[in-house]
Every structure is written in C-alpha cells, then in structure tokens.
Amino acid sequence: QVQLVESGGGLVQAGGSLRLSCAASGRIISRNTMGWFRQAPGKEREFVAALIWSLGKNYAESVKGRFTISGDNAANMVYLQMNNLKPEDTAVYYCAAAGRGTYFLESSYDYWGQGTQVSVSS
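Residues numbered from 1 in each chain as written. Predicted model: local features only at pLDDT ≥ 70, side-chain atom pairs only at ≥ 80, totals over all residues. Heavy atoms only, no water.

A.B. asks: So what exactly am I meant to see when it comes to the pattern of salt bridges here?
C.D. replies: Taken as a whole and judged by the stated rule, the model has 5 salt bridges. Close ionic contact of R38 with E46 constitutes a salt bridge, the shortest N to O distance being 2.7 Å. Residue K64 pairs with E61 through a salt bridge whose shortest N-O separation is 2.8 Å. Overlapping salt bridges, with partners in common, bring together R38, E46, R66 and D89 in one network. (Salt bridge = Lys/Arg side-chain N within 4 Å of Asp/Glu carboxyl O.)

Set out below in structure tokens:
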C-alpha cells in the first residue's frame, strides 16, 4: 500500500514563497507520474503540476512561471516550489501518485495524500 504525506504548507503574504514536500512510501516515484492538485474553498479540485519521469513536467496555466515541481527518486520525495504566491493560490494542496494516462485528470491517479493547507494573504 502506497502512502503519501504532504508537508510545508502555511500562511504567507502575497509575493512570498513556500515549498511543499510529498513523502512517498515504497519505490513508486521512479515508475509513475507524480502530481500536485489543489482545492480551494467551494471549488473543485484542480490540477497544478505533474512530474512525468523521463518525459518532463507540466503545469497549469495559472501557475506557469511561478511554481516548479521536482523529485528526488532516491529519497522518494516530490516537491512543489511555489514563488510569487497570490491570494488565489489559497487552497489545500494534494500530492498524487501512480498517474497513468492524462496527467491533469484526478481519475488518472491511484494514490492521494491528505493534503496541506496553503493560505496567501493580500
């Protein structure tokens, strides 16, 4: 059973930065697509970024140029560096693993973390 644990969320002012971490149990990262999604209050969960091993990285248009996804295969970690944060980035951020097919769809992922809250004040 794969477990994902997110950390690194918090409260930050607009223009600030946060780095989210996702610790995965088992050797899942190197064989699968890893993703970050977020869910703001009253909204559906949405795609943020994906790390597709040996193929590259993909981002939602709203975070391109500000967020960077990366991974450490040896440590079974995936990160989301978030710079120039905006109030509209406020959400619970989720790490997802074992993605197959269309990387920006929730249904493509088998495993999910519990989420970490990111709040950006104006």
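After that view of the structure, there is still more to cover.
A.B. asks: Can you help me understand unusual backbone geometry in this one?
C.D. replies: Trans is the prevailing form of peptide bonds, just as negative phi is the prevailing case for residues other than glycine. Even without a glycine there, the phi angle at N76 is positive, about 55 degrees. Counting through the fold element by element, N76 comes out in the loop between β7 (67–72) and β8 (77–82). Its identity is not glycine, yet N84 carries a phi of approximately 50 degrees, on the positive side. Mapped onto the elements, N84 comes out in the loop between β8 and β9 (91–99). Given a relative accessible area of 43%, N84 falls into the partly exposed group. (Helix = DSSP H or I, 4+ residues; strand = E, 2+ residues; numbered from the N terminus. Buried < 20%, exposed > 50% of the residue type's maximum accessible area, 1.4 Å probe, protein only.)

A.B. asks: What's the story with the packing of aromatic side chains in this structure? I'm lost.
C.D. replies: To describe a pair of aromatic rings, you give the distance between the ring centres and the angle between the ring planes. Counted under the stated rule, the structure contains 6 aromatic pairs. On the numbers, 5.3 Å between centres and 80 degrees between planes, the contact of F37 with Y109 is edge-to-face. One end of the pair, F37, is in strand β4 (residues 33–39); the other, Y109, is in the loop between β9 and β10 (111–112), with 72 residues separating them in the sequence. Here the two residues F37 and Y109 agree in accessibility, since each one is buried. Sitting above the plane of the Y79 ring, R19 keeps its charged end 3.9 Å from the centroid. Sitting above the plane of the W112 ring, R45 keeps its charged end 4.0 Å from the centroid. (Phe/Tyr/Trp six-rings, centres within 6.5 Å; stacked < 30°, edge-to-face > 60°. Lys NZ or Arg CZ within 6 Å of the ring centre and 35° of its normal.)

A.B. asks: Looking at this model, I keep getting lost on the pairing of β4. Mind explaining?
C.D. replies: Regular strands show a simple pattern: their side chains alternate between the two faces of the sheet. Along β4, 6 of the 7 residues are buried, which leaves the element largely enclosed by surrounding structure. Direction of pairing for β4 relative to β9: antiparallel, over a ladder of 6 bridges. Within β9, the residue paired with Q39 across the bridge is V92. Hairpin connection from β4 to strand β5 (residues 46–52): 6 residues lie between these consecutive antiparallel strands, with G42 at a positive phi of about 75 degrees. (Pairing = 2+ DSSP bridges.)

A.B. asks: Would you mind showing me how to read the side chain of R66 here?
C.D. replies: With respect to the helices and strands, the residue R66 is situated in the loop between β6 (56–59) and β7. At 2.9 Å, the side chain of R66 and the backbone oxygen of S62 are in polar contact. Ignoring any residue separated from it by four or fewer positions in sequence, one finds R66 in contact with Q81, M82, N83, N84, L85, K86 and D89. (Polar contact = N/O pair within 3.5 Å; in protein donor to acceptor, adjacent residues only side chain to side chain. Contact = heavy atoms within 4.5 Å.)

A.B. asks: Can you walk me through the side chain of D89 in this structure?
C.D. replies: Along the chain, D89 falls in the loop between β8 and β9. Judged by its relative accessible area of 1%, D89 is buried. At 2.8 Å, the side chain of D89 forms a polar contact with the backbone nitrogen of K86. What D89 contacts, discounting residues up to four positions off in sequence, is R38, R66, F67, N84, V118 and V120.

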